[in-house]
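What follows is each chain in one-letter form.
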Amino acid sequence: MAEATARRPFHVTPLMWLVCICMVGSVGYGVANYVVSGPPAQSSTVLVTRTISFEDVDAGGVLVRDAASGAPIALLGSGEGGFIRSTLRALARERRGWNLGGAQPFRLTAWDDGRFTLHDEATGRTVDLKAFGPTNAEAFGRLLHARPMEGGQR
């Protein structure tokens, strides 16, 4: 009869514990650093930027103005511009959370890498619109080059 070989139970040495703790700690540090400081800086160049403001108008519409000149550049009727409206609602909710009014404009920027960003001047928050897909980003992109509407200011 063959003798049964005795197996030793698996033993974790203090060095193995130390290596595991260091690995988990470094991953945790990396995640915390990313959350606090944000993603690495992009080396993109600004192509065009425009400050814009939004105001509610009759029948559920939203009037978009060039903040520098005050000229209206777009009118989103009721049921139009769903992505623009939802983005603005989220930013307006954040402003209300900080007890900030809606007077400060937003800065819309096109970058040479194809991104569009919307920066809230009041809260300092920047939304990368490309993250929501090219169609949604282009909805804001059209506002960058929009000419003043006929009829002037309202």
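Counting of residues starts from 1 at the beginning of each chain's written sequence and follows it residue by residue. Given that the model is predicted, a residue must reach a pLDDT of at least 70 before its local features are reported, and side-chain atom pairs must reach 80 or more before they are shown or counted; all residues, however, enter totals for whole chains, interfaces and linings. Side-chain metrics in this entry use all non-hydrogen atoms of the structure; hydrogen atoms and water are not considered.

Caption draft 1: Layout of the pairing of strand E1 (residues 46-57). Here the rule is simple: two strands pair whenever DSSP picks up at least two bridges between them. Secondary structure is summarised from DSSP: a helix means a run of H or I of at least four residues, a strand means a run of E of at least two, and numbering begins at the N terminus for each. Relative to strand E4 (residues 106-111), E1 is paired through 6 bridges, and the arrangement is antiparallel. Within E4, the residue paired with threonine 51 across the bridge is arginine 107. Pairing geometry for E1 and strand E2 (residues 61-66), over 6 bridges, is antiparallel. If you follow aspartate 56 over to E2, its bridge partner there is valine 62.

Caption draft 2: Layout of the nonpolar core. Among the buried residues, those of types Ala, Val, Leu, Ile, Met, Phe, Trp, Tyr and Cys that are joined through side-chain atoms within 4.5 Å form a nonpolar core. Think of it in three bands: with a 1.4 Å probe and only protein chains considered, a residue is buried below 20% of the maximum accessible area for its type, exposed above 50%, and partly exposed in between. Counting residues in each nonpolar core, the largest one holds 24 residues, and the members touching the most others are Ile52, Phe54, Leu129 and Phe140. At 5 residues, helix H3 (residues 134-144) tops the list of elements feeding residues into this core.

Caption draft 3: Broad picture of the environment of proline 105. By the secondary structure assignment, proline 105 is in the loop between helix H2 (82-97) and E4. For proline 105, a relative accessible area of 23% puts it in the partly exposed group. When the C-alpha atoms of proline 105 and aspartate 66 are compared, they prove to be 9.0 Å apart, with 39 residues separating the residues in sequence. Any two residues whose heavy atoms approach within 4.5 Å are treated as being in contact. Sequence-distant contacts of proline 105, that is, excluding residues within four places in its chain, are made with Thr51, Ile52, Ala67, Arg95 and Glu121.

Caption draft 4: H3, seen in detail. Among the residues making up H3, those that are buried are Ala137, Ala139, Phe140, Gly141, Leu143 and Leu144. For H3, the elements touching its buried residues are E1, E2, strand E3 (72-76), H2, E4 and strand E5 (116-120).

Caption draft 5: Inspection of the pattern of salt bridges at higher detail. In what follows, salt bridge is the name for a side-chain nitrogen of Lys or Arg lying within 4 Å of a carboxyl oxygen of Asp or Glu. Inspection of the entire model under this criterion finds 7 salt bridges. For arginine 115, the salt bridge is made with aspartate 113, and the minimal N-O distance between the two is 2.9 Å.

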